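Residue-level structural notes
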Amino acid sequence: FNATTQISVNLTENANLSMTVSNILGQEVMNIERGSVPAGTYFFELDGTSLTRGVYFYTVRADDCSVTKKMVIR
């Protein structure tokens, strides 16, 4: 993405929801905590204007479950 992007998460049950963004070296560059939320769809709005171009990884955590995906800032 270039400036901003939106990541959606669909929870089937209540959970503690958070997302972290790490650079290619594994250094955390962003952290968004939502806390305890009910089941439903949630959106994380990422503003990449403060990040340099390159490859990053975002991890969405809901209690003990997590998903990590790659993203590229151009």
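Below you will find a few notes about this structure. (Residues numbered from 1 in each chain as written. Predicted model: local features only at pLDDT ≥ 70, side-chain atom pairs only at ≥ 80, totals over all residues. Heavy atoms only, no water.)

1. Overview of the overall build of the protein chain
The test is simple: For the purposes of this entry, the term helix denotes a DSSP run of H or I that reaches at least four residues, the term strand denotes a run of E that reaches at least two, and both are numbered from the N terminus. For a compact globule the rule gives 2.2 Å times the number of residues to the power 0.38, and the radius of gyration it is set against comes from C-alpha atoms. The cut-offs for exposure are 20% and 50% of the maximum accessible area for each residue type, with area from a 1.4 Å probe on protein chains only; residues under the lower value are buried, those over the upper are exposed, and the others partly exposed. Note on contacts: a residue pair qualifies if any of its non-hydrogen atoms lie within 4.5 Å across the two residues. Only the protein chains shown count as covering a residue, and every accessible area follows the Shrake-Rupley method with a 1.4 Å probe. Here Asp and Glu are counted as negative and Lys and Arg as positive; His is not counted, and neither are the chain ends. For the purpose of locating charges, the reference atoms are NZ of Lys, CZ of Arg, CG of Asp and CD of Glu.
A count of helices and strands for the protein chain gives zero helices and six strands. N-terminal to C-terminal, the α/β element order of the protein chain is β-β-β-β-β-β. What you see for the protein chain is a C-alpha radius of gyration of 12 Å, in line with the 11 Å of a compact globule of 74 residues. A principal-axis box enclosing the C-alpha atoms of the protein chain has dimensions of 35 × 20 × 15 Å. Out of the 74 residues in the protein chain, the part that is buried amounts to 34%. Across the protein chain, contacts joining residues at least 24 apart in sequence account for 56% of those joining residues at least 6 apart. Total accessible area computed for the protein chain in this model is approximately 4800 Å², and 47% of it derives from carbon and sulfur atoms. Positive and negative charge centroids in the protein chain, built from 6 and 7 side chains respectively, lie 14 Å apart.

2. A short note on unusual backbone geometry
The backbone of Asp63 sits at a positive phi, close to 55°, despite the residue not being glycine. Inspection of the secondary structure assignment puts Asp63 in the loop between β5 (54–62) and β6 (65–73).

3. Notes on the environment of Leu25
Along the chain, Leu25 falls in the loop between β2 (15–23) and β3 (28–37). Separated by 31 residues in the primary sequence, Leu25 and Tyr56 place their C-alpha atoms 9.0 Å from one another.

Function-wise, these values are silent; they only describe arrangement.
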